[in-house]
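Structural description and commentary
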Amino acid sequence: MNRIKKLASLLGLAVLAGASTAAPWAPTKPVRIIVPITGSTNDTVARLVQPKLQEALGQPVIVENRPGAGGNIGADYVAKSPPDGHTLLVGYNGPIAINATLFRKMPFDPRKDLAPITLAVTSPQYLVVNADLPAKTPAEFVALAKARKGGLSYASVAVGSASHLTMEMLKSAAQVDITHVPYKGAGPALVDLVAGNVQSAFLVPGNVQQFVKDARLRVIATTGEKRFANVPEVPTMVESGYPDFVATSWVGFLAPGGTPRPVIDRLNAEIVKIVRSPEISAKLRELEFDVVAGSPEDFSRWIDKETDRWGRVIKSTGATVD
């Protein structure tokens, strides 16, 4: 009789354990979203998602900027955080797909030490110049760069960012010398670009829209496969004589490597729902983002593809972190 009672008790515990594991994961303390760059569209995406995610998870969600080393400082912080769903990363090309090839030594392995949650948005870039620069087309810009022989400079939002390597692609394709001036985020880069301290940059539309509208910056090309609806008169780099010149910037959410799948699944479900919601998706599209918001597996495949593509760009252009 005692054996029967013990078996019944164990069976009850097993049923309870099964019920508890079937329940969706929920955080037990504040969740931090780490943005590894300052004043960028990464920060914008994080702050659009933050209040809705806080509401969905029932815990405070805090956006924290940890810039530096081309995004490696913030990404490394997340990679070394406990894999419990309470620390997330808003990742972009640089620390996730570019730096492993660009940097001689990495403090973390992007593929092993970070777990994809979802690719949120993608966007081609604008080739923009200071309004006082006498170049209205890529051909005129290249001709000016050749005439000035290293006298032109370009801003990037960080070493190893898409804005850095896309200009290196152009330098290699056009055989021109343009000096790289890296910044810690889009904010300070734009201050100097508008002031004319640097003359050019490849930047995502959301960072430069207002300055273009105010005629303080001029868009002379885009890096998409097709023209932007907001600037239909501006040609793509492909149309401008550079075959296969397509360069995409993107923003996605990741967790520390080893985060349990139920945690990833809950975070994916909530973030995808938020990004696809009419309110948030409309705001993202106003910034010229394409909303993706897919599965962790889709994001993982995207990272593999981007790592290979940007790795080939780095090797072919000879780009370095110096």
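Everything below is about the structure printed above this text.
Starting from 1, residues in each chain are numbered consecutively following that chain's sequence as written. Per-residue local features are limited, in this predicted model, to residues with pLDDT of at least 70; the limit for side-chain atom pairs, both in listing and counting, is 80 or more; totals at the level of whole chains, interfaces and linings are taken over all residues. Just so you know, side-chain values use all the structure's heavy atoms and leave hydrogens and water out.

Re empty space enclosed by the protein
For clarity, the threshold we go by: Cavity means a closed set of points on a 1 Å grid over the protein atoms alone, one where a 1.4 Å probe fits but cannot get out, pocket means an open set with protein on both sides within 12 Å along at least 5 of 7 lines, and lining means a residue has an atom within 4 Å of a point. Grid points are joined across faces, edges and corners, and a volume is the space filled by probe spheres set on the points. Working definition: helices are DSSP H or I runs of at least four residues, strands are E runs of at least two. Numbering for both runs from the N terminus. Residues are sorted three ways: Asp, Glu, Lys and Arg are charged, Ala, Val, Leu, Ile, Met, Phe, Trp, Tyr, Cys and Pro are nonpolar, and all the rest, Gly among them, are polar.
One pass over the full model with this rule turns up 1 cavity of 30 Å³ or more. As for the largest cavity, its lining consists of 20 residues, of which T41, N42, V157, V204 and S249 are closest to the centre. Taken together, the elements giving at least two residues each to the lining of the largest cavity come down to α2 (41-57), α6 (162-174), β8 (200-203) and β10 (248-256). Broken down by element, the residue count for the lining of the largest cavity peaks at 3 residues, all from β10. Classifying every residue of the lining of the largest cavity gives 11 nonpolar, 9 polar and no charged.

Re the nonpolar core
For clarity, the threshold we go by: As used in this record, nonpolar core signifies buried Ala, Val, Leu, Ile, Met, Phe, Trp, Tyr and Cys residues forming a set joined through side-chain atoms within 4.5 Å. Only protein chains enter the accessibility calculation, which uses a 1.4 Å probe; a residue is then buried when its area is under 20% of its type maximum, exposed when over 50%, and partly exposed in between. Every residue pair with non-hydrogen atoms within 4.5 Å of one another is taken to be in contact.
One finds L53 and F253 to be the most contacted residues of the largest nonpolar core, which totals 54 residues. Top contributing element to this core by residue count: helix α9 (residues 261-276), with 7 residues. Sequence-distant contacts of F253, that is, excluding residues within four places in its chain, are made with I33, V45, V49, L89, V90, P116, I117, T118, A120, I271 and F299. Counting 48 residues, the second-largest nonpolar core is a separate cluster that includes A97, L152, A221 and I303.

What about the sheet that holds strand β2 (residues 61-65)?
Heads up, the rule is: Here, any two strands with at least 2 DSSP bridges between them count as paired.
Reading across the sheet, the 6 strands line up as β2-β1-β3-β10-β4-β11 and stay open at both edges, with mixed pairing between neighbours. Bordering the open sheet on either side are β2 and β11 (290-291), each of which pairs with just one other strand. In this sheet, strand β3 (residues 87-92) lies alongside strand β1 (residues 31-35) in parallel orientation, the contact comprising 3 bridges. Bridged to I34 within β3 is L89.

Some points on the packing of aromatic side chains
This is how the line gets drawn: Each pair of aromatic rings taken from Phe, Tyr and Trp, with Trp reduced to its six-membered ring, is defined by centres within 6.5 Å and is described as stacked if the planes are under 30 degrees apart, edge-to-face if over 60, and tilted in the remaining cases. Definition used: whenever NZ (Lys) or CZ (Arg) falls within 6 Å of the ring centre and also within 35 degrees of the ring normal, the charge is taken to sit over that ring.
Applying the stated rule across the entire model yields 4 aromatic pairs. When the centroid spacing of 6.1 Å and the interplanar angle of 25° are considered together, the rings of F202 and F245 count as stacked. Taken as a pair, F202 in strand β8 and F245 in the loop between β9 (217-222) and β10 lie far apart in primary sequence, 43 residues in all. When sorted by exposure, F202 lands in the same class as F245, which is buried. Taking the ring centre of W310 as reference, the NZ or CZ of R309 above it sits at 4.8 Å.

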